[in-house]
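# Breakdown of the fold
Each chain, letter by letter, is given below.
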Amino acid sequence: MALSTAPARGQVTAGTGEDALTLTRGQFRLRGIVDWSSWSSRYGENSPGRANGSREPLGLNFTTDSLGPGHLESLLPVQSSIRGLAGMANFGASLGAMSVGQRNVVSSTPMMLEYGVTSRVTLGVLVPFVTSLAEVDLRMNPTGREATVGLNPARRIGGAATSNASLVSAFDAATTALNTRVTTCTNSPTLPACSGFSTAAAASLVGRTSVMMTALASLYGGRTSMGAPFVPIAGSAAQAAIETRLAGLRSEFSGFGTTITPLAPIAATPLTAQDLTTLLGDSLYGINAKPIAGSITRGLGDIELSAKVLLFDPYHGDLAAQRNPTGFTWRQSIGAVYRLPTGTVDLTTDFTDIGTGDHARDVGVRSWTDLLWGTKFWMTIAARYDRRLPDELRRRITDAAHPLAPSYREQPVTRDLGDIAELSITPRWSLNEWVGIAAQYLVRSKGADRYTGTFTTTDLNGTPVTLDAALLNEETQWREQRLGFGLSYSTLTSYDRGQAKLPYEITWMRTVSTTGTGGNLPVAAQDLIQLRWYGRLFGRR
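Residues numbered from 1 in each chain as written. Predicted model: local features only at pLDDT ≥ 70, side-chain atom pairs only at ≥ 80, totals over all residues. Heavy atoms only, no water.

## Quick notes on helix α2 (residues 158-187)
For the record, the criterion: Numbering of helices and strands runs from the N terminus, with a helix taken as a DSSP run of H or I at least four residues long and a strand as a DSSP run of E at least two residues long. One less than the number of residues in a helix, times 1.5 Å, gives the span that helix is expected to have. Throughout, exposure labels follow a simple rule: accessible area from a 1.4 Å probe, protein chains only, divided by the maximum for the residue type, with under 20% read as buried, over 50% as exposed, and the rest as partly exposed. The contact criterion used is simple: two residues touch if any of their non-hydrogen atoms lie within 4.5 Å.
For α2, which comprises 30 residues, the first-to-last C-alpha distance of 43 Å matches the rise-based estimate of 44 Å (1.5 Å per residue) to within 8%. Taken residue by residue, α2 has A160, S163, N164, L167, V168, F171, A174, T175, L178, V182 and C185 as its buried positions. Elements that come into contact with the buried residues of α2 comprise α3 (199-220) and α4 (237-255).

## Observations concerning the packing of helix α1 (residues 75-86) against α4
Basically, it comes down to this: The angle between two axes is taken between their N-to-C directions and runs from 0 to 180 degrees, where each axis is a line fitted to C-alpha atoms and a helix contributes only its stretch in contact. Oblique is the label for any angle not under 35 degrees, not over 145, and not in the 65 to 115 range, which are roughly parallel, roughly antiparallel and roughly perpendicular in turn.
Running from N to C, α1 and α4 point in directions that differ by 45°, and their axes come no closer than 8 Å. Considering the angle they form, α1 stands oblique to α4. Here I82, G84, L85 and A86 of α1 come into contact with α4, specifically with A238, A241, I242 and R245.

## Things to note about the sheet that holds strand β25 (residues 521-522)
The following threshold applies: When DSSP locates at least two bridges between a pair of strands, those strands are taken to pair.
With respect to topology, three strands assemble into an open sheet ordered β4-β3-β25, the strand pairing being antiparallel. Edge strands, defined here as strands with exactly one partner in the open sheet, are β4 (55-57) and β25. Examined bridge by bridge, strand β3 (residues 41-43) and β25 share two bridges and lie antiparallel to one another. Residue pairing across strands places R42 opposite P522, the latter belonging to β25.

## What about a nonpolar patch on the surface?
How we decide: Residues qualify for a patch when their relative accessible area is over 30% and they have no salt bridge, like charges being joined within 9 Å and the nonpolar side chains of Val, Leu, Ile, Met, Phe, Trp and Tyr within 5 Å. Areas reported as accessible are Shrake-Rupley estimates using a 1.4 Å probe. Residue values count occlusion only from the protein chains shown. Any carboxyl oxygen of Asp or Glu that lies within 4 Å of a side-chain nitrogen of Lys or Arg is treated as forming a salt bridge with it.
Residues W36, W429, L431, W434, V435, Y489, I506, I529 and L531 make up a contiguous nonpolar surface patch of about 800 Å² in total accessible area. Position of W36 among the secondary structure elements: in strand β2 (residues 27-39).

## Comments concerning the packing of aromatic side chains
Each aromatic ring pair is described using two quantities: the centre-to-centre distance and the angle formed by the ring planes. Definition in use: The aromatic pairing rule takes the rings of Phe, Tyr and Trp, using the six-membered ring of Trp, and pairs them if the centres are within 6.5 Å, calling planes under 30 degrees apart stacked, those over 60 edge-to-face and the rest tilted. Whether a charge sits over a ring depends on NZ of Lys or CZ of Arg being within 6 Å of the ring centre and within 35 degrees of the ring normal.
This structure, assessed with the given rule, holds ten aromatic pairs. Above the plane of the ring of W368 lies K308, whose end atom (NZ or CZ) is 4.4 Å from the centre. When the ring centre of W378 is taken as reference, the NZ or CZ atom of R428 above it lies at 4.3 Å.

## Remarks on the state of the cysteines
How we decide: Criterion for a disulfide: a pair of cysteine sulfur atoms within 2.5 Å.
Tallied over the entire structure, the rule returns one disulfide. The residue that forms a disulfide with C185 is C194, at a sulfur-sulfur distance of 2.0 Å. One disulfide, between C185 and C194, carries an S-S torsion of -90° and so falls in the left-handed class. C194 carries the same exposure label as C185, and that label is buried.

## Focus on unusual backbone geometry
Most peptide bonds take the trans form, and the phi angle of most residues other than glycine is negative. In this model, N141 sits at a positive phi of 45°, which is unusual for a non-glycine residue. Secondary-structure assignment places N141 in the loop between β8 (129-140) and β9 (149-151). Of the residues examined, N141 reaches a relative accessible area of 6% and is grouped as buried. Phi is positive for H359, which is not a glycine, with a value near 50°. Summarising the element assignment, H359 is placed in the loop between β13 (328-339) and β14 (362-373).

## Quick word on the layout of surface pockets
Formally: Method remark: on a 1 Å grid restricted to protein atoms, a set of points is classed as a cavity if a 1.4 Å probe fits but cannot get out and as a pocket if it is open with protein on both sides within 12 Å along at least five of seven lines; lining residues have an atom within 4 Å of a point. Grid points are joined across faces, edges and corners, and a volume is the space filled by probe spheres set on the points. Amino acid classes used here: Ala, Val, Leu, Ile, Met, Phe, Trp, Tyr, Cys and Pro are nonpolar; Asp, Glu, Lys and Arg are charged; the rest, including Gly, are polar.
Considering only enclosed or pocket space, the second largest pocket measures out at about 310 Å³ in volume. Around the second largest pocket, the lining is made up of 16 residues, and of these N46, S47, P48, N61 and A401 lie nearest the centre. Looking at the lining of the second largest pocket, its residues break down into four nonpolar, six polar and six charged.

## Overview of the environment of Q274
Relative to the helices and strands, Q274 resides in helix α5 (residues 273-281). Considered as a pair, Q274 and I292 are 18 residues apart in the sequence and their alpha carbons are 10.0 Å apart.

## Quick word on the nonpolar core
A general trend in soluble globular proteins is that nonpolar side chains are found buried together. Rules: What is meant by a nonpolar core is a set of buried Ala, Val, Leu, Ile, Met, Phe, Trp, Tyr and Cys residues, joined one to another through side-chain atoms within 4.5 Å.
Counting residues in each nonpolar core, the largest one holds 59 residues, and the members touching the most others are L95, M98, L216, F230, L276, L279 and L404. Element by element, the count of residues in this core is highest for α3, at nine residues. Apart from the residues within four sequence positions on either side, M98 is in contact with F62, T63, T64, L67, L138, R139, M140, L276 and L404. With eleven residues, the next largest nonpolar core counts A360, V413, A469 and L472 among its residues.

Structure follows, in C-alpha cells:
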C-alpha cells in the first residue's frame, strides 16, 4: 500500500467552515483543530429584576446581599433558636454578603481523520482533547458588617467549647443549688435559712434559667451538645441581647446570694472566604463540596464517528469543470454522527467547574447544501439535528437559585438531554486561488432536559423530604443566534498544478453570540483554527 501527499481528483479549496465536499476513493484528510471558547456571562431566565434573555454575570446565582436560610437550610433552626434566646422575633440569620465573578475558558484540540471509501462516501473519526478552565473570584462580607451569624467557634476551637461548657455548668450548678433551697424551704419554711426567702421567685428563676441553659447549650455548645453550626456575630444586636439576658439572670441569682462568674458565650466572626471553604468542605455542615475557586479539568472529550454521502455533484468528478465553473449550480451531501460518552461531566462536589463533555451518547443527522456562483462566490447552508440518548448519572437535585446544594441531594438520576437543532449559512468569497474570506450566520436551539427519579431522604435538619429530579429540568432549554467571520489559505489548486509542495489548508473563524434565551446559555466567543492536510492511499492519483 502506498501513501502520498496528493489531493483527490477534483478537490478544490474547501474554505472556512463545513461544506458538501467529500473525499474521493483512497483519499484521506487529517485535521488539526484548535478551538477556544470563553465567556463570563450568560443569557438570563427568571432572574429577579432582569428581563429574560438579558445578559447577566455567570456567578449571579452565588451572589447575594444576604446568605440566609433561603440559601442554606441549616440556618433555619439557628434563626429560630436565636429569636427565642435573644427575644428578637424578627431576627434574620445571615452569613452576610457573597459575590462571585466567574470566567470560563474551554480549549479543545480535536484531531480528525477522514477517509474516502468511495468518491461519494467519506468516513471520519474526531477525538477531542479538552482543557476546561474556570476562573473564579469569591468575595465574602467586604465591609465586615453584613453578617448576623458566623461559624460556631465551639465546633472548631477547643478553648471556645470549654468556655461555653463552663458557662452552662456555672448556671446549672447555681440552678441546682437554688432548686434544692426551694425544696427545703417549701418543706420546712420555718428554718432560719428560709427567713425572707421567696420560694415562688426562686422557683421562677430556676425554671427560666433551666430553659435558657438548654437553649444556650443547644446553640453555643455545652452539656452534651456540640452546639449549632452557627452563632451570632460578636457585637451584633442578637449577641448583645443574649448577653443582657445572662447578666439579668446573674443579677437575680446574686439576690439569692449566689455569684456566677461573668462569662459570655463565645460569639462568631464574620464569614471569610476561607470560612466558606470550611463550611462547604467540613462534613459537620453537610454540604461536602470543594471550595468555590478556580479549577482546571483536562481530559478526553466526547469522541465522534461520522459518515458523509455526496448525493448530487453537478461536475460529476470533472476537475476542469470544478476549476472553471460558470453560472449558478449546487451540490448536496448528507451525513450522520454517533457520539461516544468519553468526556467527563462537571463534578457534583464542585459548584463552578466545567467538564470536558456531556458524557452522553448522541446520534445526529447532517445536511450540507453548497450554492455556487461562478469562480469567486459560493455559500453553504448546513443543518444538523442531534438526538441525545438517555443515561444515568449522579446529580445534586436542586434548582439554579439554590446552587449550594447539600450532599444528601446527590442521587442517581435518569437523564435525557434535550435535542439540538442548528442551521448555519456561510457565504465565501475567493479572493484568488489561495486566499478566501467568509462570514457566517448560525441559529441553534436546544430542547429542555428531562431528569427523572424521586427519592425520600432527610434534610440537614432531620426533616423527611422527597426529592424530585424534575427540578433539574429548569433553565435547560435555550435558543441562540451567532455571527462569524473567517479567513482561509489553501494550496490545493496550486498543488494540483505542481506549483506547491504540500496540499493543505489553514482556516480561522471567529464567532460571537449575539442573542439568546435560556438561563444556562453562555454568551460565548469562539475562535476556531484548522489545519487540513490531504493525502491519499494507493498512489498519487
